[in-house]
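# Breakdown of the fold
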Amino acid sequence: MEQGSEKFGADTEAARARYRSDMRASRKALRDAVRADLPAAHFGLGIVVVASVVTGLFEGAVVGSLVAGFFGAAFLAFLAVMLLRGIRGVDAGRRAYLSTFGWANWF
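Residues numbered from 1 in each chain as written. Predicted model: local features only at pLDDT ≥ 70, side-chain atom pairs only at ≥ 80, totals over all residues. Heavy atoms only, no water.

It is worth spelling out the layout of surface pockets at this point. Considering only enclosed or pocket space, the largest pocket measures out at about 190 Å³ in volume. Every residue lining the largest pocket is listed: Arg35, Ala36, Met82, Arg85, Arg94, Arg95, Leu98 and Ser99. Looking at the lining of the largest pocket, its residues break down into 3 nonpolar, 1 polar and 4 charged. (1 Å grid on protein atoms, 1.4 Å probe; cavity = no way out; pocket = protein on both sides within 12 Å on 5 of 7 lines; lining within 4 Å. Points joined across faces, edges and corners; volume = space filled by probe spheres on them. Nonpolar A, V, L, I, M, F, W, Y, C, P; charged D, E, K, R; others polar.)

Spelled out as structure tokens, the structure:
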């Protein structure tokens, strides 16, 4: 009886080790693909500021404030999550900032 590349009665520890190694490599590739960096987050903040100003000019100050307020609320929510996870200080603020504005990496 054959299952994949492992034969019945084969070394299951070696198969588990290969599986773990493959999973680690796959997860690392996914983390690298979705990683946000600080310059991209700054660019995202700039886009939000420009969008808020442009929306405020064309639709009114209230609508422009809503756009900025939405992202401010998202930052505070991400910051609260970081604090609840036990991340403190500047690192919590940096991670919340990257979570809120790091989407510009794909822009």
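Still to come is the rest of the account.
We now examine the environment of Leu83. Residue position: Leu83 is located in helix α3 (residues 61–84). Of the residues examined, Leu83 reaches a relative accessible area of 36% and is grouped as partly exposed. Taking the C-alpha atoms as reference points, Leu83 and Ala96, 13 residues apart in sequence, are found 9.7 Å from one another. When neighbours within four sequence positions are excluded, Leu83 is seen to be in contact with Arg88 and Ala92. (Helix = DSSP H or I, 4+ residues; strand = E, 2+ residues; numbered from the N terminus. Buried < 20%, exposed > 50% of the residue type's maximum accessible area, 1.4 Å probe, protein only. Contact = heavy atoms within 4.5 Å.)

The biggest cluster of nonpolar side chains holds 6 residues, and these are Ala41, Val48, Phe71, Tyr97, Leu98 and Phe101. Residue assignment for this core shows that the elements contributing at least two residues are α2 (38–59) and α4 (89–101). Considering each element in turn, this core owes the most residues, 3 residues, to α4. Once residues lying within four places of it in the same chain are set aside, the contact partners of Ala41 are Tyr97, Leu98, Phe101 and Gly102. (Core = buried A, V, L, I, M, F, W, Y, C linked by side-chain atoms within 4.5 Å.)

As for its position among the elements, Ser52 is in helix α2. Note on Ser52: relative accessible area 11%, which makes it buried. In contact with Ser52, other than residues within four places in its own chain, are Gly64, Val67 and Ala68.

What follows is about the packing of α2 against α3. Following both chains from N to C, one finds α2 and α3 inclined at 160 degrees, their axes separated by 6 Å at the closest point. Of the possible angle classes, the one that applies to α2 and α3 is roughly antiparallel. Considering the relative orientation of α2 and α3, their crossing is right-handed. Contacts from Val48, Ser52, Thr55, Gly56 and Glu59 in α2 reach Ala61, Val63, Gly64, Val67, Ala68 and Phe71 in α3. Of the residues belonging to the contact of α2 with α3, the class tally is 6 nonpolar, 4 polar and 1 charged. (Axes fitted to C-alpha atoms, helices over the stretch in contact; angles between N-to-C directions. Parallel < 35°, antiparallel > 145°, perpendicular 65-115°, else oblique. Left-handed = near helix turned anticlockwise from the far one by under 90°.)

On to α2, then. With 22 residues, α2 extends 31 Å between its outermost C-alpha atoms, agreeing within 8% with the 32 Å of an ideal straight helix rising 1.5 Å per residue. Buried residues of α2: Ala40, Ala41, Gly44, Val48 and Ser52, and no others. The buried residues of α2 occupy an angular sector of 120 degrees when projected down its axis, which confines them to one face. Of the exposed residues in α2, the ones pointing more than 90 degrees away from its buried face are Pro39, Val50, Leu57 and Phe58. For α2, the elements touching its buried residues are α3 and α4. Phi turns positive, to about 120 degrees, at Gly60, one or two residues after α2. (Expected span 1.5 Å × (residues − 1). Arc of directions from axis to C-beta.)

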